[in-house]
Amino acid sequence: MRYLRPVICSFLLALLVTTLTACGGSSSATGETTTETTTTETAPGDQTTDVTLDSPHRGGTMKVVWNGFGSSIDPGVDYDGNWTLLRITNDGLVAWKRVSGQDGNTLVPNLAEELPIPTNGGLTYTFKVRKGVKFSTGQEVKPSDFKATIERQFKLPGPVASFYAVLLGGAACEASPAAGKKCDLGKGIIADDNAMTLTFKLKHQDADFLQKLALPFAYALPADTSPKETSVTPLPATGPYMIESYKPNVEMVMVRNPEFTQWSRDAQPNGYPDRIEFNLALTPNEGTTQVENGDADWIADQIPTDRLGAISEKYPEQIAINPNPQVYHMVLNTQVPPFDNLKVRQALNYATDRKALVQLWGGPKLAEVTCQILPPNFPSYKPYCPWTKNPGETWTAPDLAKAKKLIAASGTKGMKVVVIGTPDESTTSFDLYFIDLLKSLGYDASRKTLQSSVEYPYVQDSANKAQISRSYWYPDYPAPADFLDIVVGCSGYHPNSTANPNLSMFCDPAIDAKTRAALAKQITDPAAAVPLWTEIDRLTTDAAPWVPLFVASRLDFVSPRIGNFQYNPSVVGGFMIESAWVQ
Amino acid sequence: MGVAPTEPAIDLPLSPGPSRGTWATAVRRLRRDRAAMATLVVLVVIVTSTLLAPVYASRVAQTDPFRSNLSGTVEIDGSRVPVIRPNPSGLGSTPIGPTFGRHFFLGADTQGRDVAARILYGGRASLIVGVAAALLTCLIATGIGLLAGFTGGTTDAVIFRALDIVWAFPIYLLAIALSTSLLVQGLKIGPVAVDPNSLLLPILIIAVVFVPYVARPVRGEVLAVRQREYVEAAIAQGARRRRLLFKEVLPNVLPSVIVIFPLIIATCILTESALSFLSIGVQPPQASWGTIVNDGQNQLYTRPLVSIAPGLLIAVTILALNVLGDGVRDALDPRAKIRRRKRRARDS
C-alpha cells in the first residue's frame, strides 16, 4: 500500500490537471476553445454514444440575435438563409461531417446506413435507410417519406427543384410546375418501406447527386406533409432540436427534440444547449451591442464595419474568423456591349485594385484577394492570377497601363455602362468604386439602384441586359461543378429566365465540352477529374466572365460565456450552435 | 333676348388686389420682422455656401467629393497620411478626420471622400430639388385650383375627385411607391424620357404628391374671391372670363400661394431627404443631405458627424423656411397675425 500511494497521488494529480484544463476551456476565450471539439470526448469509432449526455456543459439557454434570418423555416423552400439552423432540426440520407476544419466537407451517411456505390453506370443509387429514427411527432422515418419529400420539392415555388430534375420523371415535374401537384417520381424513386430501401434512378449521370441529397431540400419530412409552404407552423424534426415557436421578424425558439437519439456523431451529433432563443427583431448594430453587453451569446449577422475596429480591439478573445468559400466578384454580362468584348473584360480585371476592395470589405483578415473562379481550399483549386502586374499565382497590383491599351484596342471607349446595385452600404461602396474605375477607363458610367428583392431577378434575366453588377457565390456543395458548370457554365445558363444562376450569361462550347468530360470522369475516377477541373478553372478565368475580387471569411462575435466554439465549413455549416457550451 | 357681354369702355381698376403699394408695404412689414430677417440671413448663408461648393472642393479641400479615394493619401501637418487607415487589429479601417482643417474638415467617409465638400454639394441638390419641386407644385396646383374653383360644376367635381385619390394616399407611401417603380427604368411619357439618375425624377415625384395639398386651399380661395363685390362688379360690367380669371381672381389668390411657397419648399426638402435616406431619391454618386445621412448611419459609432452635420443642416433650413413663411404670411396678411393673437389670448 505504501508503494501505491505515489501512484494514486500521481493519478489524482493528473485527474485534477485534466479537469482544470477542461474547465479552463469552457470559460476561456473562443480562440482557445476552437481547438477543442466535442468529438474528443468520445472514443474514436464510437458512432452511437451521445457525447453530451453526461457532460457538465449540457443544458442552458443560448441567446442568438439574427436580423438577416432566412425567408422560411420550411427546408423545402428556404434557400441558404436558414440552412445552418435547419441542419440541426432535420436530416437527409447523407450529410457533410459535422466537425470543424476541412473534414467538415466530407460526405457521410446520415439517415442512410452507408454511402451507396452507384450502379448501372452511375445511374442508380440504392440506400438502406436507418431503422428506428423518429420524427418529433413520434412517427418513424420511412423510405417513402424521402420520395414524398422530393416530390413535394417540385410542388413548392422556387428554382430549386432543378437539383433533382435528373431523376427519371423529374424533368416532367419541373417542366410543368402548374401541374406540379400531380408530380409523380414513381419511376425515379423506388421506396420499399418493408425492406427499408430507397432507390434513385437517374436519367443521366450526375457526379454531384449525393452532394445534392445532403442539401436541406432533401431533408426527410413525413409523407403526409402539406405540399404548401409552411409559414409559421414548424414541420416535424428528426435532429436534436425542433422549432417550438416562430414569429417572423420577432423571435424563434428551438428546444430539444424528445424523440432524438444520436445515431451518428459524424452526421448529427447531439447538442449541448437545452434551448436556443433567436431574437429576429434587432438590427446588426443593436445585436452587436447585445453581445457586447452579454445580453446575447451570438450575433448571426455581420458586425457593422465601423464597429469592427473597436470590437476586435476590446474583445479579441470573443472573435472567431473562419474561411468561407464565398467568392465576391463583379459579374460582366458577356452577351451585351461593351462586355461582350473579351478585351474589355480583361481590361477591367487588370485595372481593378483588389487590395483596396479587400480593405473596403474589412481588411485582409476578413477577405483574401482572388483572381480566379474557384476559391482556396476548394476541390481542384490551384492558385492562378493572370490579372495582375506580374501574372503568376498571386495578385500584386493593378495594371492600369495594360488595361488602357486593351480598352483602346477594343474600340468601346465612351460607351454607356450602367452598374446595377442595391441600396445597402456594402454594395453601394463597391459600385461607386467601379463607376469611378470605368470612368477613368473612358466609359460613361452610372448606377441603377434596385431594391434587394428586385435586383437579383433583374440581373438573372438576360432580357434586361444588365451590364455589370456585384455578386457573390457561396457554393451549394463542395464540388467544382457548382462554380464552373452552374455559375459560369452552360448548364446554368437559362436565357430570359429568372431561374438563371449564370449572371454573366457565359457559355463557351469548348469549355463546356471539357466540363462534360470532367463530370463523366468524376464518377468513374474522381482523382483523375481533379486536374481537369483545375484546367477548366483557368480557362474560365482567362475568359473573364467575372472580375473575381476576394474570398470572404466569416467573422463570428460571441459572448464570453460561450465555450467550445466550433465552425463547420460546409454550406449548411458555420458556427455549430449545438456544440457550444453556455454553462 | 340675351345681351352679349362687352368689354367695359374704360379699364378701371376694379379689384382691391395687391397693388405695387401693397407689395411694398408687405416688404416693409417683412423687414421689420426680426425673426424672419434672421432666418433669411441664415438661408442666404446656406444657399451661398452650397453655391460655392465647387470652389471649396477644388481650392480649399482640393478633392473630388464624388470619386472613391480608397488608396489615397493626404498631407496633414507636413506628413503624408492615408485617407483610410487600416485598424491596428487588422479588422476594418478608419477614415481620416475630422481634422477641422483645410483637408477633410469633417473627415472622410468610407469611400475616402471629403464629407464637408459632399455636404456642400449635397445641399445644392437638396435645395434644387426642394425649390424646383415646390415651384412645380405651386404652378400646377394654382392652375388646377383656379380652373376648378372658377369653372365649378362638373369640371370642379372631376378635378377634385381625381385629386382626392392622390390625397387618399399617405404622402410618403405614395412618394416611395412612385420612386421605387420609376427608379427601375426612369420615366418615359411619349418623347419625354427622364433618366433614373436625373434630379428631375425626385423633383417630379415630390411635386406631384404635394399638388392636392396646395390646390385645395387655392380652390377655396378662388371660390371666396369669386363671391367678392369687385368680381361681381366686373361681371356686371361685362368682363370676359379670361380677364376675370387673370385680372381679378389670380392677383387676389397669389398672396396665399406666396405664403404657402416657403412652407412647401421646407416640406419638399424634407421629403427629398427622406427619399434619399431610403436610397430612392437622389442617386449615388450624386449627393444630397438625405444620402449623406444615409451614408453616415453605418458610421454612427465612429463617425457621428457624417450623419449629424447634414441632419443639422436639414433641421436649420426647415426651421428657417418655416419662420420665414410665417413672416411672409404676417407681412401679406396682417389680419392673420391679429387673429392669431386673439386666439392665443382666448385660449389662455
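First things first, this report covers the structure right here in the doc. Note that the structure is a prediction, hence the values are computed from the model and not measured.

1. Some thoughts on unusual backbone geometry
(1) Moving on: For the bond running from Pro337(A) to Pro338(A), omega is 0°, close enough to zero to count as cis.
(2) Moving on: As for its placement among the helices and strands, Pro338(A) is situated in the loop between strand 11 (319-332) and helix 9 (342-351).
(3) Moving on: The amide bond that connects Gly97(B) to the next residue, Pro98(B), takes the cis arrangement and shows omega of 5°.
(4) Moving on: Here Pro98(B) is to be found in the loop between strand 4 (93-95) and helix 4 (115-151).
(5) Moving on: A positive phi is found at Met505(A), a non-glycine position, where the angle reads about 55°.
(6) Moving on: Phi angles above zero are rare outside glycine, and Phe100(B) is one such case at about 50°.

2. Details of the nonpolar core
(1) Moving on: Within the largest apolar cluster, 81 residues are counted, with the highest numbers of intra-cluster contacts made by Ile119(B), Leu201(B), Ile206(B), Val222(B), Val249(B), Val253(B) and Cys268(B).
(2) Moving on: When neighbours within four sequence positions are excluded, Val249(B) is seen to be in contact with Leu146(B), Phe150(B), Val222(B), Val225(B) and Leu244(B).
(3) Moving on: Formed by 61 residues, the second largest nonpolar core is a distinct cluster that contains Leu332(A), Tyr350(A), Trp395(A) and Leu432(A).

3. Comments concerning the environment of Gly130(B)
Residue and element names in this part refer to chain B.
(1) Moving on: Its place among the elements puts Gly130 in helix 4.
(2) Moving on: In the structure, Gly130 is positioned 30 residues away from Phe160 in sequence and 25 Å away in space, judged by C-alpha atoms.
(3) Moving on: Excluding residues that lie within four positions of it along the chain, Gly130 makes contacts with Ile265, Cys268 and Ile269.

4. Considering the interface of chain A and chain B
(1) Moving on: Taken together, the contact between chain A and chain B spans 40 residues of the former and 33 residues of the latter.
(2) Moving on: Of the roughly 2800 Å² buried between chain A and chain B, counting both surfaces, carbon and sulfur atoms make up 52%.
(3) Moving on: Here chain A and chain B share 0 salt bridges between them.
(4) Moving on: The greatest single-element share of the side of chain A that touches chain B, amounting to 10 residues, is contributed by helix 12 (residues 425-440) of chain A.
(5) Moving on: Grouping the amino acids of the side of chain A that touches chain B by side-chain chemistry returns 16 nonpolar, 13 polar and 11 charged.

5. Quick look at the pattern of salt bridges
(1) Moving on: What the rule picks out here adds up to 28 salt bridges over all chains.
(2) Moving on: When the shortest N-O distance is used, the salt bridge between Arg152(A) and Asp74(A) registers 2.6 Å. Taken together, the residues span a long stretch of sequence, with Arg152(A) in helix 4 (residues 143-155) and Asp74(A) in the loop between strand 1 (61-65) and helix 3 (83-86) at a distance of 78 residues.
(3) Moving on: Note on Arg152(A): relative accessible area 5%, which makes it buried.
(4) Moving on: For Arg219(B), the salt bridge is made with Asp156(B), and the minimal N-O distance between the two is 2.7 Å. Here the residue Arg219(B) occupies a position in helix 7 (residues 200-226), and Asp156(B) occupies one in helix 5 (residues 153-168), the gap between them amounting to 63 residues.

6. A short note on the packing of helix 6 (residues 171-185) of chain B against helix 7 of chain B
Residue and element names in this part refer to chain B.
(1) Moving on: Where helix 6 contacts helix 7, the two axes come as close as 10 Å, and the packing angle between them is 150°. Relative to helix 7, the element helix 6 is oriented roughly antiparallel. Crossing handedness for the pair helix 6 and helix 7: right-handed. Of the residues in helix 7, those in contact with Ile171, Leu174, Ala175, Leu178, Ser179, Leu182 and Leu183 of helix 6 are Leu201, Ile205, Val209, Phe210 and Tyr213.
(2) Moving on: Across the contact of helix 6 with helix 7, the residue classes tally to 11 nonpolar, 1 polar and no charged.

About the thresholds
- Residues numbered from 1 in each chain as written.
- Chains lettered and ligands numbered in written order.
- Predicted model: local features only at pLDDT ≥ 70, side-chain atom pairs only at ≥ 80, totals over all residues.
- Heavy atoms only, no water.
- Helix = DSSP H or I, 4+ residues; strand = E, 2+ residues; numbered from the N terminus.
- Core = buried A, V, L, I, M, F, W, Y, C linked by side-chain atoms within 4.5 Å.
- Buried < 20%, exposed > 50% of the residue type's maximum accessible area, 1.4 Å probe, protein only.
- Contact = heavy atoms within 4.5 Å.
- Buried area = accessible area lost by both parts, 1.4 Å probe.
- Salt bridge = Lys/Arg side-chain N within 4 Å of Asp/Glu carboxyl O.
- Nonpolar A, V, L, I, M, F, W, Y, C, P; charged D, E, K, R; others polar.
- Axes fitted to C-alpha atoms, helices over the stretch in contact; angles between N-to-C directions.
- Parallel < 35°, antiparallel > 145°, perpendicular 65-115°, else oblique.
- Left-handed = near helix turned anticlockwise from the far one by under 90°.

Without other data, these values stay purely geometric and don't point to any function.
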